[in-house]
Structure formats: structure tokens, C-alpha cells
Amino acid sequence: PVSRDGSLYLTDKAGVISDSEEIRFAALQRELSPRLSVAIVNSTGKMSTAQYCETLWNNWRLGTSDLLLLMVTGEEDYYFGYDYSSIFAEVLDANFDLLMERYLEPDFAARDYESAIFAFSDGIQAVLSGAYFDNGTLNGDEYYGEYSYSTGISGFGLLIVILFVVLFIAVIAA
């Protein structure tokens, strides 16, 4: 498996990410928690993608606050790894399909690897910030591409309704 590049966040042995985007990605990850490391290779040799990712995880000494995306361009495959005992694991597990289908797969399939790593990083942050529920809705709103609409009453609105009902009952009882 590949050695980790000096940026610690992006190792591109397939040569598909421009230098300026590598710098931008590393700068972005330094500001985030958890941090996503990305390895991009042409092939995993005789190893499966999962085995290769696990070997990278161990060789790079990643831990509970790390995430690892392996993209194998020559085999059109990828693998997302994280420590299943981390505080992020439950949320990532619940939103795994959403992350893959909405944030990684479209750009990866189009071989736009630069867009794929940024979109995937954005998706992880959205999921971990609580922007998504595990059913793919955006914080209780139905999601339709660039647009969403609310399907429920806000917490403040509910408080006003309860206050009104209590006052109404008090007036009636008096």
C-alpha cells in the first residue's frame, strides 16, 4: 500500500487531483473534526478494496477521530473506513447510503474525483452536524436537490401554540 503524503489528508498516487485542489483539500480538513484522509490509487493489486483500506488505516496509524476514503480509479471502486467504536460511528452508519449515493457516487462515477472528495467531505460534515436524519431528509424537511420545504412546525412555533392553549384554558376556567 501507498505511503501517506505529507499533507496527511490527501495521497493521490493516481495523479487525478491538481496540486491547487490538494492544497485546498488539506487546508479544509485541518479545520474540520473529524478529519477525512483520502487515498487515491489506480489499483489495490491482489488485495480487495476493503483489505487495502484496512492496511492503510493501520499503516497510517489512524484512530477514533479519523475517517478514510479510498478511491481506486482503475477498478472504479471505493471504500469508506472509520473506527466503529468512535463517537461518529452510529451517525455514519445510519447515513452510510446517503453519503455514498448523494455525495460520492455521482462525481466518482463521472470520474470527477476532485469534486467527489469535496462533496463527500461536505456530506460528512452535514451528516455529523445533524443536518440529516437517517431517512435522507434534511433536518426534518423533504429534500429535493437544491430546494427543501418544511413539513413540520418549528420548536418556537410549538411553544407559542402551547402557550396560547394554556392561556385559553385559564380564561375559560376563570
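Reference entry: report on the structure contained in this document. (Residues numbered from 1 in each chain as written. Predicted model: local features only at pLDDT ≥ 70, side-chain atom pairs only at ≥ 80, totals over all residues. Heavy atoms only, no water.)

This part takes up the pairing of strand β3 (residues 66-72). Across the seven residues of β3, seven count as buried, placing the element largely inside the fold. Neither face of β3 is left uncovered, since the one carrying D66, L68, L70 and V72 and the one carrying L67, L69 and M71 both have all their residues buried. Inspection of the sheet shows strand β2 (residues 35-41) paired to β3 by seven bridges, in the parallel sense. Bridged to V41 within β3 is V72. Between the parallel elements β2 and β3, the chain passes through helix α2 (residues 49-59) in a crossover that is right-handed. Two elements, β3 and strand β4 (residues 77-82), share six bridges in a ladder whose sense is antiparallel. (Buried < 20%, exposed > 50% of the residue type's maximum accessible area, 1.4 Å probe, protein only. Helix = DSSP H or I, 4+ residues; strand = E, 2+ residues; numbered from the N terminus. Pairing = 2+ DSSP bridges. Right-handed = clockwise from strand over helix to strand, strands pointing away.)

Another aspect to go through is the sheet that holds β3. If you trace the four strands from one edge of the open sheet to the other, you get β1-β2-β3-β4, paired in mixed fashion. Where the open sheet ends on each side, the last strands, each with one partner, are β1 (10-12) and β4. Ignoring which end each strand starts from, the neighbouring axes of this sheet average 10° apart. Of the strands in this sheet, β1 and β2 touch helix α1 (residues 19-30), which is tilted by about 150° from β2. Contacts from helix α4 (residues 96-109) reach β3 and β4 within the one sheet, and its direction differs from that of β4 by about 140°. (Axes fitted to C-alpha atoms, helices over the stretch in contact; angles between N-to-C directions. Contact = heavy atoms within 4.5 Å.)

Next up on the list: α2. Residues three or four positions apart in an α-helix share a direction because the helix packs 3.6 residues into each turn. Considered for burial, the residues of α2 that qualify are T49, Y52, C53, L56 and W57. Mapping the buried residues of α2 onto a view down its axis gives an arc of 140°, with all of them on the same face. Contact partners of the buried residues in α2: β2, β3 and β4. (Arc of directions from axis to C-beta.)

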